[in-house]
Amino acid sequence: MSIDVKKIKADFPIFANTIRDGKPLVYLDSAATSHKPKAVIEAECEFYAREYGTVRRGIYELSARATERYEGARQTIADFIRAKSSAEIIFTRGTTDSINLITRCFGESQMKAGDEIILSRFEHHSNLVPWLMLAQRIGVKLVYADFTPEWNIDTADLEQKITERTKLIAVSGMSNVLGCVTDAETITEIAHARGIPVLIDGAQLVPHFGFDLSKVKCDFLAFSGHKMLGPAGIGVLYMKKQWGEQLPPYLGGGDMIEYVHYDSFTTNDLPWKFEAGTPNMAGAIGLGAAVEYLNRIGWDKLIDHENEITEYALERMLSTDGMTLYGPQTPERRGAVFAFNYKGIHSHDVGSMLDFANIAIRAGHHCAQPLMETLGVNSTARASFFLYNEKEEIDILLEHLKASERFLTDAVG
């Protein structure tokens, strides 16, 4: 493997504390949420123990130190995704919160009844329901780009569906069900050639492949801390400066103001214009520590590791009798997320049986019910991998899948 997984695993306390009946935890649900290394846990604890104070509001030393750590985390994230300025980095509660912010601030100020938003057919509910709510509020129309036989967004179909009423293209950078990686660079170029802004839901893409805004020059990018080794309850919205200056604020109160009078107010500078109230300071610092941890390992090594896992998982799963695998069948433009059904066994039964062996997978519709309808299934099982997984865990998964089948068959018999 391109990285030493056993050494990395030692950085994560969860794996030493979840051995059950002598079986170590095989955690295959990082697409839902990832575990946290000691560096992240300690960064948050250190902040609370030694540096905690309100940011940007106090004139005492603790406040100054807290502000320095908080704004330092913002700069770390700006550098990570190659934003031109840390003023383009807005801290939110997560990807869902970020997209809801855009539906309110962009959708309600830049769109009207009859205008169109193009999505893909494999969007997570977080990049679908907020737009459906906007459609209910102001009468916009949602248009869906189809996917190719290889399970990727059909850029030709997307381009054909652009009209003079198209005001935004909002697509997932990587499907949390199919694992396919969107050609975000091409989609952004197509959109910008027609003056249409682009939002990328990076919840799955960013933790596993990073993001380079100098290549994919989208207008908005949303991602979550908890899916990339960081704390829960913290996320990022990258908003291109021109939009940040133009759009109205999301919430009112706290530090999003410059001046307030009894009959009016003026907004603060970016990015604080969009950060009302006391922020999740420890969460931002923890997320900064997570990015630094990933940077220390090296993104080339991380991506190589994920590619090796993906290739091996595809080889093993596609050769397993009775398994139906959804998503690209080749490793090109694919991440290590594998939705499957096995021999007609309900996904919840699969998940429950694997749990007896201390194997954690996801089972259900994965917050993508319209995609399940398109696939013609009610649910799937899903195994997803990260830097702390190794090839042997794929073998363990498949071994216990077969054992589960035998158990359930004997029980029914």
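See above for the structure.
First things first, this report covers the structure right here in the doc. (Residues numbered from 1 in each chain as written. Predicted model: local features only at pLDDT ≥ 70, side-chain atom pairs only at ≥ 80, totals over all residues. Heavy atoms only, no water.)

1. Points about the nonpolar core
I81, I169, F211 and L387 are the most contacted members of the largest nonpolar core, which totals 81 residues. Here this core gets 11 residues from one element, more than from any other, and that element is helix 11 (residues 281-297). Every residue in contact with I81, bar those within four places of it in the chain, is listed here: I89, F211, D212, L213, L221, F223 and Y238. (Core = buried A, V, L, I, M, F, W, Y, C linked by side-chain atoms within 4.5 Å. Buried < 20%, exposed > 50% of the residue type's maximum accessible area, 1.4 Å probe, protein only. Helix = DSSP H or I, 4+ residues; strand = E, 2+ residues; numbered from the N terminus. Contact = heavy atoms within 4.5 Å.)

2. Regarding the sheet that holds strand 7 (residues 220-224)
With respect to topology, seven strands assemble into an open sheet ordered 2-8-7-6-5-3-4, the strand pairing being mixed. Two strands lie at the open edges of the sheet, namely strand 2 (89-92) and strand 4 (141-145), each paired on one side alone. Across this sheet, the average inter-strand angle for adjacent strands is 20°, counted without regard to direction. As judged from the four bridges shared by strand 2 and strand 8 (residues 235-239), these two strands associate in the antiparallel manner. Across the sheet, residue I89 finds its bridge partner in strand 8, namely Y238. (Pairing = 2+ DSSP bridges. Axes fitted to C-alpha atoms, helices over the stretch in contact; angles between N-to-C directions.)

3. Details of the packing of aromatic side chains
If you walk through the whole model with that rule in mind, you get 17 aromatic pairs. Ring pairs connect the aromatic residues F12, F15, Y27, Y293, F386 and Y388, which therefore count as one cluster. The aromatic ring of F15 is capped on one face by K9, whose charged end is 5.2 Å from the ring centroid. Sitting over the ring of W272, R56 keeps its end group 3.6 Å from the ring centre. (Phe/Tyr/Trp six-rings, centres within 6.5 Å; stacked < 30°, edge-to-face > 60°. Lys NZ or Arg CZ within 6 Å of the ring centre and 35° of its normal.)

4. A closer look at the sheet that holds strand 14 (residues 362-364)
Spatial strand order, 11-12-15-14: four strands in an open sheet with antiparallel pairing. At either end of the open sheet lies a strand with only one pairing partner, and these are strand 11 (323-326) and strand 14. Recorded for the sheet is a direction-independent mean angle of 30° between the axes of neighbouring strands. Where helix 12 (residues 299-318) meets the sheet, its contacts fall on strand 11 and strand 12 (337-342), and the angle it forms with strand 12 comes to roughly 10°. Against the sheet, helix 13 (residues 347-356) engages strand 12, strand 14 and strand 15 (380-384), with an angle of about 155° to strand 14.

5. Quick look at the layout of surface pockets
Taken as a whole, the largest pocket encloses approximately 560 Å³ of empty space. Lining the largest pocket we find 19 residues, and of these F209, G210, F211, D212 and K215 sit closest to its centre. When contributions to the lining of the largest pocket are tallied by element, the ones reaching two or more residues are helix 4 (61-81), helix 8 (184-192), helix 9 (205-209) and helix 12. In the lining of the largest pocket, the residues fall into nine nonpolar, three polar and seven charged. Lining the second largest pocket are 17 residues, with F91, T92, R93, D97 and A276 positioned closest to its centre. Listing elements by their share of the lining of the second largest pocket, those giving two or more residues are strand 2 and helix 5 (95-110). Among the residues making up the lining of the second largest pocket, the classes are represented as nine nonpolar, five polar and three charged. (1 Å grid on protein atoms, 1.4 Å probe; cavity = no way out; pocket = protein on both sides within 12 Å on 5 of 7 lines; lining within 4 Å. Points joined across faces, edges and corners; volume = space filled by probe spheres on them. Nonpolar A, V, L, I, M, F, W, Y, C, P; charged D, E, K, R; others polar.)

6. Side note on the packing of helix 4 against helix 11
The N-to-C vectors of helix 4 and helix 11 enclose an angle of 40°; their axes lie 8 Å apart at closest approach. By the angle class used here, helix 4 and helix 11 are oblique. Where helix 4 crosses over helix 11, the two elements pack in a sense that is left-handed. For the pair helix 4 and helix 11, contact is made by R69, Y70, A73, T76, I77 and F80 and by M281, A284, I285, L287, G288, V291, E292 and N295, respectively. Considering only residue class, the contact of helix 4 with helix 11 consists of nine nonpolar, three polar and two charged. (Parallel < 35°, antiparallel > 145°, perpendicular 65-115°, else oblique. Left-handed = near helix turned anticlockwise from the far one by under 90°.)

Interpretation note: all reported values are geometric properties and have no functional meaning in isolation.
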